[in-house]
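Close look at the chain arrangement
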Amino acid sequence: MLNRRKFISRSAITSLSVLFGTQLLKNKSYASTTPGNGEGTKPLVISTWRHGIPANEEAMRVIMEGGRAVEAVEAGVRVPEGDPDNMSVGLGGLPDRDGKVTLDASIMDETGNCGSVCFLEHIVHPISVARLVMDNTPHIMLAGEGALQFALENGFKKENLLTPKAKKAWEEWKKKAKYEPVPNIENHDTIGMLAIDQKGNLSGACTTSGLAYKIRGRVGDSPIIGAGLYVDNNVGGATATGTGELVIRTVGSFLIVELMRNGYTPQAACEEAVRRIANANIPDIHKHQVGYIAVNKAGETGAYCLKPGFNYALFVNGKNELVDSDNYFK
Ligand code: SD4
């Protein structure tokens, strides 16, 4: 039980942070200059990178047929997962430095339920395994061998995910990189997706083969609830792409949702989360990319990234378009 002194000091801290938060909101540099799509239109699907366009298409089809947002995001991100030409998600993803494809994925629904898998091998659709963890177990995250065993017990097929194209890229990398891990590989991109269905409910999904040529066993932000993905149906959702280590250490997606809870627009919240990373004294920060997308309960969207090059797909009002994100390092 809290004693009185502890209670008072905790209340003081809470009041200070509330005051500080209010002050941040009044401070112009923390207010958004980019209003997202501003319209707040629903239903809506938003997802990271160009592969978000066909993924959004599938997610919106599910929503228009009356499906739940959680069903839509699962169906949507399965599109790039199953595409052998997509070298950053599921089948055909670039391997770790030992030539093994290891996958991370997470999903979160409108009730706050969530599930994830990490360091999973041989399964084309890790997002569907994450959904089963969420729906059919008392747990949230399954890892490696155990996640694979669970998938196989539930009817998933064991497959070779290393396509000839990804194997060739890995062999080339080994020659030049002399087997050194690298912090970030351009064009190696996760799909994070957020959707609002016809009932106005929010869900999200995030799936990736992680950083290319990572050390075996490395897990990124994508399967970590609060880092790579977070959804609160009363507030909004956020998801991340880029160097997962930077997202994990700043708990990026949870931060964005909490900022929105405190009155930030999705755009201002994404900007603040990127600013935290930019100001965190990270060596060689300019070598890294992190991109966030967010949506609030009203259907307003936002996106922001560290450096130029991040884009996202937004499907709203019958139009599914690729949008360039604004960035911190100009
Ligand atoms: C990770 N965030 O594993 C993922 C990788 C990624 O652009 O998104 N790369 O850290």
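As a starting point, this report considers the structure included with it. Chains are numbered independently. Their residues run from 1 in the order of the written sequence. Restriction of local features to residues with pLDDT of at least 70 applies here, the model being predicted, together with a cutoff of 80 or more for giving and counting side-chain atom pairs; totals for whole chains, interfaces and linings are based on all residues. Neither water nor hydrogens contribute to the side-chain values; these are computed over all heavy atoms in the structure.

Comments concerning the overall build of the chain
Think of it this way: any DSSP run of H or I at least four residues long counts as a helix, any run of E at least two long counts as a strand, and we number them from the N terminus. The number of helices and strands found in the chain is nine helices and 12 strands. With a 1.4 Å probe rolled over the protein chains alone, any residue whose accessible area is under 20% of its type maximum counts as buried; one over 50% counts as exposed, and the rest are partly exposed. Burial status across the chain gives 56% buried among its 330 residues.

Observations concerning the packing of helix H8 (residues 252-261) against helix H9 (residues 266-278)
Axis definition: a line fitted to C-alpha atoms, limited for helices to the stretch in contact. Angles are taken between N-to-C directions and run from 0 to 180 degrees. At a minimum axis distance of 9 Å, the contact between H8 and H9 shows a crossing angle of 140°. Considered as vectors, H8 and H9 are oriented oblique to each other. Crossing of H8 against H9: the hand is right-handed. Residues Gly252, Leu255, Ile256, Leu259 and Met260 of H8 pack against Pro266, Ala269, Cys270, Glu272, Ala273 and Arg276 of H9. When grouped by side-chain class, the residues that make up the contact of H8 with H9 number eight nonpolar, one polar and two charged. Roughly parallel here means an angle under 35 degrees, roughly antiparallel means over 145, roughly perpendicular means 65 to 115, and every remaining angle is called oblique. Two helices cross in a left-handed way if the nearer one is turned anticlockwise from the farther one by less than a right angle. They cross in a right-handed way if the turn is clockwise. Contacts were defined at the residue level, with two residues in contact if any of their heavy atoms lie within 4.5 Å. Under the scheme applied here, ten amino acids are nonpolar (Ala, Val, Leu, Ile, Met, Phe, Trp, Tyr, Cys and Pro), four are charged (Asp, Glu, Lys and Arg), and all others, including Gly, are polar.

Re the nonpolar core
If you look at the biggest cluster of nonpolar residues, it comprises 47 residues, and the most contacted ones within it are Ile256, Ile277, Tyr292 and Leu306. The element contributing the most residues to this core is H9, with seven residues. Beyond its immediate stretch of four places on either side in the chain, leucine 306 contacts Val274, Ile277, Ala278, Ile285, His288, Gln289, Val290, Asn327, Tyr328 and Phe329. Among the nonpolar cores identified, the runner-up in size contains 35 residues, and Ala72, Val73, Ile123 and Met134 belong to it. Among the buried residues, those of types Ala, Val, Leu, Ile, Met, Phe, Trp, Tyr and Cys that are joined through side-chain atoms within 4.5 Å form a nonpolar core.

Some thoughts on unusual backbone geometry
Most peptide bonds take the trans configuration, and most residues that are not glycine carry a negative phi. Omega for the bond connecting lysine 42 with proline 43 falls within 30 degrees of zero, at -5°, which places this linkage in the cis form. On the secondary structure map, proline 43 appears in the loop between helix H1 (4-26) and strand S1 (44-48). Although it is not a glycine, tryptophan 49 sits at a positive phi angle of roughly 65°. Along the polypeptide, tryptophan 49 turns up in the loop between S1 and helix H2 (52-64). Positive phi is not limited to glycine here, since asparagine 281 has a value of about 55°. By relative accessible area, asparagine 281 is classed as exposed at 74%.

Digging into empty space enclosed by the protein
A pocket, in this scheme, is an open set of points on a 1 Å grid over the protein atoms alone with protein on both sides within 12 Å along at least 5 of 7 lines, while a cavity is a set where a 1.4 Å probe fits but cannot get out; residues line either one if an atom lies within 4 Å of a point. Grid points are joined across faces, edges and corners, and a volume is the space filled by probe spheres set on the points. This structure, assessed with the given rule, holds one cavity of 30 Å³ or more. By volume, the largest cavity amounts to about 80 Å³. Classifying every residue of the lining of the largest cavity gives one nonpolar, nine polar and four charged.

Things to note about the packing of aromatic side chains
Pairs were defined over the aromatic rings of Phe, Tyr and Trp, the Trp ring being its six-membered one, requiring ring centres within 6.5 Å. Orientation was assigned from the angle between planes: stacked under 30 degrees, edge-to-face over 60, tilted for the rest. Under the defined criterion, the tally for this structure stands at four aromatic pairs. Consider the rings of tryptophan 49 and phenylalanine 310, whose centres lie 5.0 Å apart with planes at 75°: the pair is edge-to-face. One end of the pair, tryptophan 49, is in the loop between S1 and H2; the other, phenylalanine 310, is in the loop between strand S10 (301-305) and strand S11 (311-316), and 261 residues separate them in sequence. Only Lys NZ and Arg CZ are tested; either one counts as a charge over a ring when it is within 6 Å of the ring centre and within 35 degrees of the ring normal. If you follow lysine 174 out to its NZ or CZ, it ends over the ring of tryptophan 170, 4.0 Å from the centre.

What to know about the sheet that holds strand S12 (residues 319-324)
DSSP calls a pair of strands paired once it identifies at least 2 bridges connecting them. Overall, mixed pairing links the eight strands, which are arranged S4-S3-S2-S6-S5-S1-S11-S12 in an open sheet. Of all strands in the sheet, those with a lone pairing partner are strand S4 (141-143) and S12, marking the two edges. Between one strand axis and the next, the sheet turns through 10° on average, direction left out of account. In the sheet, S1 pairs with strand S5 (residues 191-196) via four bridges, with the strands oriented antiparallel. For serine 47, the partnering residue across the bridge sits in S5 and is methionine 193. Taken strand by strand, H2 contacts S1, S5, S11 and S12, and its axis lies near 155° from that of S1.

Things to note about the side chain of serine 47
Along the polypeptide, serine 47 turns up in strand S1. Leaving out residues up to four positions away in the same chain, serine 47 has contacts with Gly52, Asn56, Ile191, Gly192, Met193, Ile293, Tyr312 and Ala313.

Let's talk about the pattern of salt bridges
What counts as a salt bridge is simple: a side-chain nitrogen of Lys or Arg found within 4 Å of a carboxyl oxygen of Asp or Glu. Throughout the structure, instances matching the rule amount to 18 salt bridges. In this structure, the salt-bridge partner of arginine 61 is glutamate 58, at a minimum N-O distance of 2.7 Å. Taken together, the residues arginine 61 and glutamate 58, both in helix H2 and three residues apart, mark about one turn of the helix. Residue classification places arginine 61 among the partly exposed positions, given a relative accessible area of 39%. Notably, a salt bridge pairs aspartate 326 with lysine 330, separated by 2.6 Å at the nearest N-O pair.

Regarding the packing of helix H3 (residues 69-81) against helix H4 (residues 126-136)
Orientation of H3 relative to H4, taken along the N-to-C sense of each, is 150°, at an axis distance of 8 Å. When the axis of H3 is compared with that of H4, the two are roughly antiparallel. Here Val70, Glu71, Glu74, Val77, Arg78 and Glu81 of H3 lie close against H4, whose contacting residues are Pro126, Ile127, Ser128, Arg131 and Met134. Per-class residue counts for the contact of H3 with H4 are five nonpolar, one polar and five charged.

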